[in-house]
Each structure stands twice: as C-alpha cells, then as structure tokens.
Amino acid sequence: MGVKSAFKLKRLISLFAISAKMDLVWLFRDTKFALTAILADTISNLSVVSSVYLIALRFGGIGGMSVDEVLFMMAYSTITTGIFILFGSGNNIHISRIIGRGQLEHLFVQPLTLKTQLITSGFSPFTGSGNFIIGCILLAIAINRLHLEVSLWWITLLIIYILATMIIIVARAYLVSSVAFYAPVAAEEISSTAIEGTWQLSTFPLSGMPSFIQIPLLTILPEGLMAWFPSLCLLGKPPLNLTEYFPLAYALIIALAASFIFRKGLNYYVKKGSNRYVPYGFRR
Amino acid sequence: MLKKAPTDMCHTDFAVSINNVTKTFTQWQRDNTGMGLIRNLIKPEKQTITALDDVTFAIRKGEFVAYAGPNGAGKSTTMKLLGGMLLPNSGDISVLSLSPQKQRTILMQRLGILFGNRTELWWDHPVIQSLEWKKVVWGISDEMYKKNLAMVIELLHIGNLLKTFARELSLGQRMRADLAMMLLHNPEVILLDEPTLGLDVVAKRQMIDFLKRINKDNVVTIIVTSHDMDDLEEMAERILMISAGKIAFDGSFSELRSITGNLTRVAITMEQGFIPKIENGNLLSSNNGLFEYDVDLAKTPVRDLLSQLSEVEGVRDVEIKKAPIEQVIAGLYRDWDSGKKINV
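Since this is a predicted model, take the numbers as computed values, not measurements. (Residues numbered from 1 in each chain as written. Chains lettered and ligands numbered in written order. Predicted model: local features only at pLDDT ≥ 70, side-chain atom pairs only at ≥ 80, totals over all residues. Heavy atoms only, no water.)

**Examining a nonpolar patch on the surface**
Step number 1: A contiguous nonpolar surface patch, about 340 Å² in accessible area, is contributed by A:Val150, A:Ile155, A:Ile159 and A:Leu163.
Step number 2: Along the chain, A:Leu163 turns up in helix α8 (residues 152–177). (Patch = residues over 30% accessible without salt bridge, like charges linked within 9 Å, V, L, I, M, F, W, Y side chains within 5 Å. Areas by Shrake-Rupley, 256 points an atom, 1.4 Å probe, with all protein chains shown as cover. Salt bridge = Lys/Arg side-chain N within 4 Å of Asp/Glu carboxyl O. Helix = DSSP H or I, 4+ residues; strand = E, 2+ residues; numbered from the N terminus.)

In structure tokens form, the structure reads like this:
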C-alpha cells in the first residue's frame, strides 16, 4: 500500500471515527430518548418481518419455502435494513432531502470529495446498529435450524450478496433522488417514498407467485432482490432458472445508471443553482 | 482601485481574480389563467436572468473589500462562484491561484465561507462538538487547533458558549460560533455573505471589530456583502458595487461619496424664533430648533457654507458631518434604476 493510499485510509477511518463519536455523544446526551428511538425502530422493523414469519409458521411455509428458509430470508432483510440505518442516518442515502432543500452547498464547503462525505457522514454505530445486530442473531438461528454448512466461501458469498443488495438500495435512492435536482420541492421526499414505500414488499417471499409477478419484482421494481432472490441463492436454490449472479449484474447496471444520472443532475445543479434553501434537517 | 489584474503583477499577488465572468439563470414564467396553464404544458415560457454580465475584477491579498449592490444584483451569485458552488457560463475565476470549480477540495483548505442565513454548526450538539468535527474534517493539526481555539475564544467571547447546544444559541451567539468555526483552519481568504444580518448593535460591533482585527493582524483577505452600508464603510477600505450584473463602481468609500456629489449633513441648532436659510441646502427635518440639511459640497464649497452660516442670526450650534453612506448609495441605486449613467 502506497503512502498516499495509507493516508487516504487513515483519513477515511478518522472521518468514520468522528461520526461514530458524535453518534455516541448524541446517545449519551439524552439516553432516555435515544434508547426509546432505537427500541421503537427495532420493534417497527421486527414487526414487518415477524408478520411474514408468523404467516409462514401458521401455514408451514410460504410458496415452497420452509418456515426456517423464511426465517433465513427475514434475517437477511433485517441485516440489510440494519446496514442502511447504520450508514445512512444523515440523509446521505435519502439524498433527495439534501438536494431538494438546497443543502448541497454545505457539502461543497468541505475539503472532501462528495463521495467521501456521503460514505462517512451518516455512520451511526451506536444508535443505528440495533437492526443489524438483531439480523445477525436471526441469521445465526436460521443457519442453525437449517443445518447449513458455513464455509469461508459461503460467508464470502453472503457478504457479496449483502453488498449487492446495499448497492441496489443506494443506487435506487440516488437514481430517483436525481429528480430533486430539477424539481426540488416536489421531489424532496422522493427517496424515502421510493425506498420505504415498497420496503414491506421486499420482505415477502415471492416463491410460488406467478412469473408475471416475480419477474417485474426482480427487474422494474427490484424488491425481489432485496432479500428473496439472494436468500434462495445462498440456500443453493436460485429461483426462476436465473443465474445466481443476477443480483450482482443488476447491482452493477443500476449503479452505473445511477452514477450517470446523478452526475448529470449534479452538473445541472452547479450550473443552475438552487433557488430553495431550507435551514433544517441537514444535521441532527 | 484595481479593476483588472495588471500584467506586471504576479498572479500569486491576488487573492481573487475574476475575468470576464458571465452567469445566467433561467426563470420559469407562469400566469394563473386557464390558457396559461395549457400554454405552459405545450410551450413553457422562460426568462433568462443575467446575474453577472462579463464581470472582471481582482482583489489583492490582505484587502478588505465590501461587495455591495441592490437586491438581485448578483452578490450572492459571485460568492457562490468564488466558493465553487456554481459554475460560470463563461470566464475565468481564480481564488488563491486555484480554480474553485476544478480544485474545490484543495481550495476549501484555504478558504472560509460564511452565509449569514445558514449555519455550519451541528444543530443538536454543543458548539465544541462542531469545532472538534471541523478539526477532523479539515485535518487541522492539534497545535493549530489549540492555538486557533484559544484565539477565537478570546476574540469572539465564545468561552461560555462552547458547551451550549447550537439550537439554543441566539442569532448573535450563533454567528459568533459560526465565525469561530470558520476560522479554525486559518483561512487565507474569507467570503462573508450578509454576516451582520439580524444582529443587534452589540453583536454587530463585536463582529466588525473582530473582522478588522484578523484582517490587520493575520493579513486575511476578506470579501463581505451586506445591505448595511454603514457597516461596510466601517469595515472595508474598498467597495465594489454591482448593479444589474455589472461592476458599477470600484474604489474607496470617499471616492464613492465624491462621484455622488459629496453630500454633507449639516445640523444647525437655532435660538427660539430663528430659522436658518442655506442656499443649495435641502432641508431634511426641523425639530425643537434643530434643523438638518443636506448640502452638496461639490456645488457649495465648505468655505461658502461657513460664510453663509456666519451671517445667519440666532445660531447656537453647528455640526457638519458626512452624509450617511446609506443615503449616498440610495441615490446611486435610484440613478441606476432610472438608467442614469454616473461617471466612475
């Protein structure tokens, strides 16, 4: 590793560290409210996955997936939700809020690239890790009940699929958020609407559904790639005769599309400026 | 007065250099009639606003420059262009010999920007936390941080604010904390957009004194916009005035006064029953024997004025002072609005 790369890595770690420290300080500043918020968040997310799990329990599985396979899928979904909360607490994933409120200029005044700022600024390991930890526990239980053979390669695959899912989530958020460059007021909340509006759908096992429902949910609206498809791949049962690399290919394509469209929007922003500025909601 | 960078000067002598910069914006035009709605769907009407029209100026290192102009003249646009937040349509911009658009991250290590209507402080954290965040993000060394923190605590009197949450600060306190945060990385050039907006007299006084001091002691180049011309005159040595996207004046405040007619305010206190009369004087007010006039010293030299006053009966006291700069500027804006050209 060159000196420059080592310096960059050190800088990146220090930026993550200051975000983590501020998260901790925020938590200890008002523990009662912070713990309540974490608890409420966890209960809310768990209730989404547990409702599906309870249906699976009642009917002995869903569409050919066993109860434990459904539990595995729920664990996968909870982990990705957890990572989303862990790294996206500062509107850095719901970027349409920053764009729509005319707050990108707060990022421009920092001596960091936008990419670095967006990766590091929302890191909240103390207030945002509840879901991630619960997801890991659920995953361990599911693996145990399914008697899965956990090899190093399988763990690598798990990490790759989780990364692909995260790329799809973030890319989709940035893709739709690009509208906010052109219509700041109307599209301020478009990212949260696009992601959270269909979040429940992403936790439902699509096994047994007709292909005219499954295919659009793997392509046009990629909810099937949020947990269902990668879970079945990790269980060695890729559905619809599709290759197990499909989520990776989809992640790559949507990331490239989002990067292109977002850059175009950003270019429009620095040429035209924003005639809107909202002073709240940029930092907590 | 320096409108263009002279060719015999090294470009590194300049803190800021803007050459032939034009910046336009498009505004949507809509009416609220039924036909207007349909017309908008088929062919939306747009209006092009020229915020900066072929603007050229240069600012030397260590200068304190006021950047003034009426609403919508292009002041904030210039600030955003200098800060790399906007791209110009054409022309070159250089701040500390760096391109704000192409070398933004390097420039931001040496530039400080403060917009009076927004804060860089973390809203739900104590002020000291924002300062520490800045230290990490800007990569400020421990030594520089400690030194500058001690300096801003002393000069801006923010010692008692450090543990207070930013959301609980008053406007004046918030501005001081924002200014302190901006100065932690030793910026060589500071851009201030309306820094005295909404501040009371005491807070404004503190801010002005502080800015003058860092300009003098640390040789920091400061460019400041404000609607309060009296504040600007007190702070800056040079004033750049922009109107309708063009630089309408570039010089000192005294030069500005002289081109607008050298207006002088004369206050005469009279004994009861006496009324003064001054040729070419414009009576502004009279109250309890105090008469205030505007006199243009370009038309009535001070010697003639004193001679007239010596002949007036019943004079108890006379005070002659410069007309408030606000009045001078207001006259200038009126002239610009009516399309009248002034000889700059």
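Back to the text.
**Describing helix α3 (residues 67–87) of chain A**
Every α-helix winds through 3.6 residues per turn, so residues three or four apart in the chain are directed the same way.
Step number 1: For α3(A), built from 21 residues, the straight-helix expectation of 30 Å at 1.5 Å per residue is met to within 8% by its first-to-last C-alpha distance of 30 Å.
Step number 2: Where burial is concerned, most of α3(A) is hidden: 20 out of the 21 residues are buried. (Expected span 1.5 Å × (residues − 1). Buried < 20%, exposed > 50% of the residue type's maximum accessible area, 1.4 Å probe, protein only.)

**Topic: the nonpolar core**
Step number 1: Ranked by size, the top nonpolar core spans 102 residues in total, and within it A:Leu104 and B:Val16 carry the most contacts.
Step number 2: With near-sequence residues (within four places) excluded, B:Val16 lies in contact with B:Phe57, B:Ala58, B:Ile59, B:Leu82, B:Ser94, B:Val95, B:Val189 and B:Ile223.
Step number 3: In this structure, A:Leu15, B:Leu121, B:Leu162 and B:Leu179 belong to the second largest nonpolar core, which totals 60 residues. (Core = buried A, V, L, I, M, F, W, Y, C linked by side-chain atoms within 4.5 Å. Contact = heavy atoms within 4.5 Å.)

**Quick notes on the environment of B:Pro100**
Residues and elements named next belong to chain B.
Step number 1: Note that Pro100 resides in the loop between β4 (90–95) and α3 (104–107).
Step number 2: Here the alpha-carbon distance between Pro100 and Gly159, two residues 59 residues apart in the chain, equals 34 Å.
Step number 3: Excluding anything up to four places from it in sequence, Pro100 contacts Leu81, Leu82, Gly83, Gly84, Ile93, Val95 and Leu107.

**Structural notes on the side chain of B:Arg176**
Residues and elements named next belong to chain B.
Step number 1: On the secondary structure map, Arg176 appears in helix α6 (residues 171–183).
Step number 2: Given the relative accessible area of 13%, Arg176 is considered buried.
Step number 3: Look past the residues within four positions of Arg176 in its chain and what remains in contact with it is Leu156, His157, Ile158, Leu161 and Gln206.

**Looking at the sheet that holds strand β3 (residues 64–68) of chain B**
Residue and element names in this part refer to chain B.
Step number 1: Read from one edge of the open sheet, six strands run β5-β6-β7-β3-β8-β9, paired in mixed fashion. Since the sheet does not close on itself, it has two edges, and those belong to β5 (111–115) and β9 (246–252), each with one partner. Averaged over all pairs of adjacent strands, the angle between their axes in this sheet comes to 15°, without regard to strand direction.
Step number 2: Pairing between β3 and strand β8 (residues 238–243): four bridges, direction parallel. Opposite Ala66, over in β8, you have Ile239 as the bridge partner. (Pairing = 2+ DSSP bridges. Axes fitted to C-alpha atoms, helices over the stretch in contact; angles between N-to-C directions.)

**Things to note about the state of the cysteines**
All names here are of chain A.
Step number 1: Applying the stated criterion across every chain yields a total of zero disulfides over all chains.
Step number 2: Among the cysteines around Cys136, which has no disulfide bond, Cys233 carries the closest sulfur, lying 20 Å off.
Step number 3: Using a relative accessible area of 5% as the deciding quantity, one classes Cys233 as buried. (Disulfide = S-S within 2.5 Å.)

**Thoughts on the side chain of A:Ser124**
Residues and elements named next belong to chain A.
Step number 1: Secondary-structure assignment places Ser124 in the loop between α6 (114–120) and α7 (130–146).
Step number 2: Only 3.4 Å separates the side chain of Ser124 from the side chain of Ser89, close enough to count as a polar contact.
Step number 3: When near neighbours in sequence (up to four residues on either side) are disregarded, Ser124 contacts Asp23, Ile85, Leu86, Ser89 and Ser129. (Polar contact = N/O pair within 3.5 Å; in protein donor to acceptor, adjacent residues only side chain to side chain.)

**Some thoughts on the pairing of strand β10 (residues 263–270) of chain B**
Residues and elements named next belong to chain B.
Step number 1: Within β10, six of the eight residues are buried, leaving the element largely enclosed by the surrounding structure.
Step number 2: Of the pairings in the sheet, the one linking β10 to strand β13 (residues 315–322) comprises seven bridges and is antiparallel in character. Its bridge partner being in β13, Ile268 is matched across the sheet by Val318.

**Structural notes on the pairing of β9(B)**
All names here are of chain B.
Step number 1: By the criterion of burial, β9 is predominantly enclosed, with five of the seven residues buried.
Step number 2: Direction of pairing for β8 relative to β9: antiparallel, over a ladder of six bridges. When the sheet's bridge partners are listed, Ile239 is paired in β9 with Gly251.
Step number 3: The loop that links β8 with its antiparallel partner β9 comprises two residues; one of these, Ala244, has a positive phi angle of about 50°.

**Here we look at the interface of chain A and chain B**
Step number 1: In this assembly, 30 residues from chain A lie in contact with 30 residues from chain B.
Step number 2: Regarding the contact of chain A and chain B, the summed buried area is about 2,900 Å², with carbon and sulfur atoms giving 58% of it.
Step number 3: Its salt-bridge partner being A:Glu105, residue B:Arg118 comes within 2.6 Å of it at the nearest N-O pair.
Step number 4: Seen at the junction of chain A and chain B, the total is 11 residue pairs in polar contact (both at pLDDT 80 or more).
Step number 5: Secondary structure elements with two or more residues in the side of chain A that touches chain B: α1 (3–29), α5 (104–108), α6 and α14 (246–272) of chain A.
Step number 6: It is α1(A) that provides the largest number of residues to the side of chain A that touches chain B, a total of nine residues. (Buried area = accessible area lost by both parts, 1.4 Å probe.)

**Things to note about the pattern of salt bridges**
Step number 1: Scanning the entire structure with this criterion turns up 22 salt bridges over all chains.
Step number 2: Residue B:Arg205 pairs with B:Glu234 through a salt bridge whose shortest N-O separation is 2.3 Å. Residue B:Arg205 is found in helix α7 (residues 201–217), and its partner B:Glu234 is found in helix α8 (residues 229–235); the two are separated by 29 residues along the sequence.
Step number 3: Using a relative accessible area of 35% as the deciding quantity, one classes B:Arg205 as partly exposed.
Step number 4: Linking B:Asp250 and B:Arg238 is a salt bridge whose minimum nitrogen-to-oxygen distance equals 2.9 Å. Of the two residues, B:Asp250 sits in strand β9 while B:Arg238 sits in strand β8, which places them 12 residues apart along the sequence. B:Arg238 carries the same exposure label as B:Asp250, and that label is buried.
Step number 5: By sharing partners, the salt bridges in this structure join A:Arg97, A:Arg101, A:Glu188 and A:Glu189 into a single network.

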